[in-house]
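Breakdown of the fold
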Amino acid sequence: MSNDFCKDKQAKADLQTYERKLSNIIEFLPDAILAIDDKKRVIIWNKAIEKMTGIPATEMLGKDDYAYSIPFCGEAQPQLMDLIFQNDDLITSKYSELTHEGDVIKAEIFCPALYNNKGAWVYTMAIPIYDQFGNTIGAIESIQDISEHLLMMNDLQSQTMFLEAQANASLDGILIVNMDQKRILANQRIFEMFNVPQHIIDDADDTLLLRHVVSMARDQEHFLKKVSYLYDHQNETSLDEIEFTNELIIERHSAPVLDENGKYYGRIWIFHEITEHKRLERALLNEKNSLATTLQSVGDGVISTDNHGNIVILNKIGEYLTGWTQEEAMGKPIEDVFNVVNGYTGEKSDNIVNKALSMGRIIELANHVILISKDGNQRSIEDCASPIIEENGKISGVVVVFRDVSEERIRKEELLYASYHDFLTGLYNRRFYEEELKRLDIKRNLPLTLLMADINGLKLINDALGYAKGDDVIKKVGRKIIEGCRGRDDVIARLGGDEFIIILPKTDAVGAERIIKQIKDHESEEKVGVFEISITFGQATKNNEIESIQDIFKQAENNLYLHKLYQNFGTISKTVDLVMRTLYEKNNREMLHSKRVSEICEAIALQMGFETEMVNQIRLAGLVHDIGKIGIDEKILNKHGKLNQVEWKEIQRHPEIGYRILNSSTEFMELATYVLQHQEKWDGQGYPLGLKGDNISIQARIIGIADAYDAMTSYRTYGDALSEEDAIKEIKRCSGSQFNPEIARIFVEKVMGKVW
């Protein structure tokens, strides 16, 4: 009996010792800890909670009726750990982020009574206390003030786009070991933090847990070295950072558990995750470095100022545009470095930074702003200034972004000019004319006359001399019209091709005739090559508001076409004659050649028994067969020696040029086809169409023989003339390939009187 009594007494003593050790451990924990028994009486009130609430444990231990909630809520009411005893929706509704993980309940709540009613956000965790039979005999609640952490997160959020509202801080991982390094307590968080498998959690061998955690450390040697050191130096505390292979970064705290006499009972390890904090630090550093690099590499000038308008940052482009270096500009007022004036008046522009600071919004400079650099260079710029607004609404500075738009502005002006002007003559174009016509079509401009002008024979000039010469005609006509008009009040536009139009405000038909006369006075003096420049006009006048300006335009157009019909009668035939005469004047050899070809053509046609009309037609075709040479460079026509490939290609154009010239006249339209085909060959190897045999007109076949024979027997710049006998041999040799055999035989036997 005495022995049993002694054992019971010893057991009670051991229990008291354990409770005292646990109490010391809990007292040491950085989180506020309180606990209640199953009667809701306070049995634990640690140092951290004393500090948090300002209420010592002596005043709180043993109290019930929810007295423990008054320091937090200001009134007695159930709180998180009361959910251990009963599930109460009223209690649950007071908390945010409430979760259940097995027996553990976690949540966040704002406690208005903390810190003398200043209030604070806390993260709290409640777990049940069981007896040896698994009965709930109480609850323990751990409370962590997360207000400062939330403030830190809010501050970070104002500085970087990468920050997000972080979940209210979770509890740290806690491991408590005794003096033999055996696990006394390991909370759920430490197992979660290191992804500890369940079989290790359940295993009594704590070396498995240590090995698992060490295996995850990047620097395993450092991890174990610190552990070993603290085992040998039991009274020392420790704080270090550990990086793990799962990207986790932990702040590891360790301190001994000592009684009031300094006796060592074990050690508490607290693992505080700082992964996000470190990530944010690195992100902020990277962002800062990235921002600095970006500012230096962007194509725009950037100036950053403080809230007094003094320069803090000037990037490389800004240095180039302002002429100031970063070192020179640092701390100077913005207006000393960023010297901008109005491009129209030359007056100094308003201080854009002061505007942004005072108005608190983005400010853009007006158009036509000139930046004058330190060395006096002037550049057109576009810029804007944006205030730097902190989260609290305070403006801490201004960022000015500007760029050189000198070339862009010139291009815009050129584009604007091109959009309203004809590129060839510099006159206004159809678009401008149509807009101006709408603007000028008002009562005070009556009578309003539309005067249309059309260049005569432009197509013929293009065909004969090429489009470059045609463009010269258009430009000369444009200048002539400008000279004949009255100045800025008259709107002159080229509608396209050979057509022009003039809007004549406050001008009647008589006034328009005077302008026509002024334009035509020197018309005959203008020439392009052999062609005289002539213009046909048509006009119509709007005398009252009722008349439609579009009807007036149609009247002017109809009058133009009517006049053109009258003036063009016979003009084309005269032009063809003029072209031939000009060709002969340029090259007497061509005149003699054309006449001889014409005579040979006539002789062949007579021997072939053609009627007189056909004979005359073939003779005339022979006369003009080389009219297209008017469009060939004289240097090529008169070149001594063999033509190169480019020159030969140019010569081969003359049948087509001749065709276009003759085809412009009804009178010569039929001859045009013969001229086009006169270089075709019987075997299809000729040019320009590659026609073969009977597909070539008989007239062209006759011209081909006559042209070849005269070319061979006459003086040529590219070779000596052949004798009549040798030329006939060549005709016979090429019969069936170059020449029609039948016509070649008639030419040799009947025209030349030779034996075939």
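Keep in mind it's a predicted model, so treat the numbers as computed, not measured.

In this structure the tally under the stated criterion is zero disulfides. Just so you know, C73 is unpaired, no disulfide at all, and the nearest cysteine sulfur is the one on C111, 5.5 Å from it.

This part takes up the sheet that holds strand β20 (residues 491-496). Strand order in the open sheet formed by four strands is β20-β21-β19-β24, and the pairing between neighbours is antiparallel. Across the chains shown, the open sheet's two edge strands, defined by having one partner strand only, are β20 and β24 (535-542). The average undirected angle you get between the axes of adjacent strands in this sheet is 20°. Pairing between β20 and strand β21 (residues 499-504): five bridges, direction antiparallel. When the sheet's bridge partners are listed, A493 is paired in β21 with I501. The sheet contacts of helix α20 (residues 467-484) involve β19 (448-455), β20, β21 and β24, and relative to β21 the element is tilted by about 15°. Running at roughly 160° to β24, helix α21 (residues 509-520) makes contact with β19, β21 and β24 of the sheet.

Turning next to the packing of helix α30 (residues 698-713) against helix α32 (residues 741-751). In the contact formed by α30 and α32, the axes pass within 10 Å of each other and the chain directions differ by 50°. By the angle between their directions, the pair α30 and α32 is classed as oblique. For the pair α30 and α32, the sense of crossing is right-handed. Facing I698, R701, I702, I705 and Y709 of α30, the residues of α32 in contact are I743, A744 and F747. Here the residues of the contact of α30 with α32 are counted per class, giving seven nonpolar, no polar and one charged.

Attention now goes to the pattern of salt bridges. Counted by the stated rule, this structure contains 34 salt bridges. For R486, the salt bridge identified is with D490, shortest N-O distance 2.7 Å. On the accessibility criterion, R486 (47% relative accessible area) is partly exposed. Judged by relative accessible area, which is 5%, D490 ranks as buried. Measuring nitrogen to oxygen at the nearest pair gives 3.5 Å for the salt bridge that ties K754 to E724. Here the residue K754 occupies a position in the segment after α32, and E724 occupies one in helix α31 (residues 724-733), the gap between them amounting to 30 residues. Several salt bridges converge on common partners, so that one network encompasses E101, K106, R189, E192 and E273.

Right, let's get into the sheet that holds strand β3 (residues 96-101). Two strands in a sheet stick together by hydrogen bonds in their backbones, pointing the same way (parallel) or opposite ways (antiparallel). Strand order in the open sheet formed by six strands is β2-β1-β6-β5-β4-β3, and the pairing between neighbours is antiparallel. The open sheet terminates on both sides in strands that have one partner only, identified here as β2 (42-45) and β3. Going from strand to strand, the sheet's axes swing by 20° on average, the running direction of each strand aside. As defined by bridge partners, strand β4 (residues 104-111) adjoins strand β5 (residues 120-130) across seven bridges and the pair is classed as antiparallel. Pairing of I109 across the sheet is with V122, part of β5.

Applying the stated rule across the entire model yields eleven aromatic pairs. Between Y420 and F432, the ring centres sit 5.6 Å apart and the planes meet at 80°, which makes this aromatic pair edge-to-face. Remark: F432 occurs in helix α18 (residues 430-440) and Y420 occurs in helix α17 (residues 406-420); sequence separation between them is twelve residues. A relative accessible area of 16% places F432 in the buried class. Where Y709 meets F747, the ring centres are 5.1 Å apart and the plane angle is 65°; that geometry is what we call edge-to-face. With Y709 in helix α30 and F747 in helix α32, the pair connects residues that are 38 residues apart, well separated along the chain. Like F747, Y709 is buried. Through pairs of rings, three or more aromatic residues link up here, namely F194, F223, F244 and F271.

Rules used throughout
Residues numbered from 1 in each chain as written. Predicted model: local features only at pLDDT ≥ 70, side-chain atom pairs only at ≥ 80, totals over all residues. Heavy atoms only, no water. Disulfide = S-S within 2.5 Å. Pairing = 2+ DSSP bridges. Helix = DSSP H or I, 4+ residues; strand = E, 2+ residues; numbered from the N terminus. Axes fitted to C-alpha atoms, helices over the stretch in contact; angles between N-to-C directions. Contact = heavy atoms within 4.5 Å. Parallel < 35°, antiparallel > 145°, perpendicular 65-115°, else oblique. Left-handed = near helix turned anticlockwise from the far one by under 90°. Nonpolar A, V, L, I, M, F, W, Y, C, P; charged D, E, K, R; others polar. Salt bridge = Lys/Arg side-chain N within 4 Å of Asp/Glu carboxyl O. Buried < 20%, exposed > 50% of the residue type's maximum accessible area, 1.4 Å probe, protein only. Phe/Tyr/Trp six-rings, centres within 6.5 Å; stacked < 30°, edge-to-face > 60°.

Any functional reading would require information beyond the geometric quantities listed.
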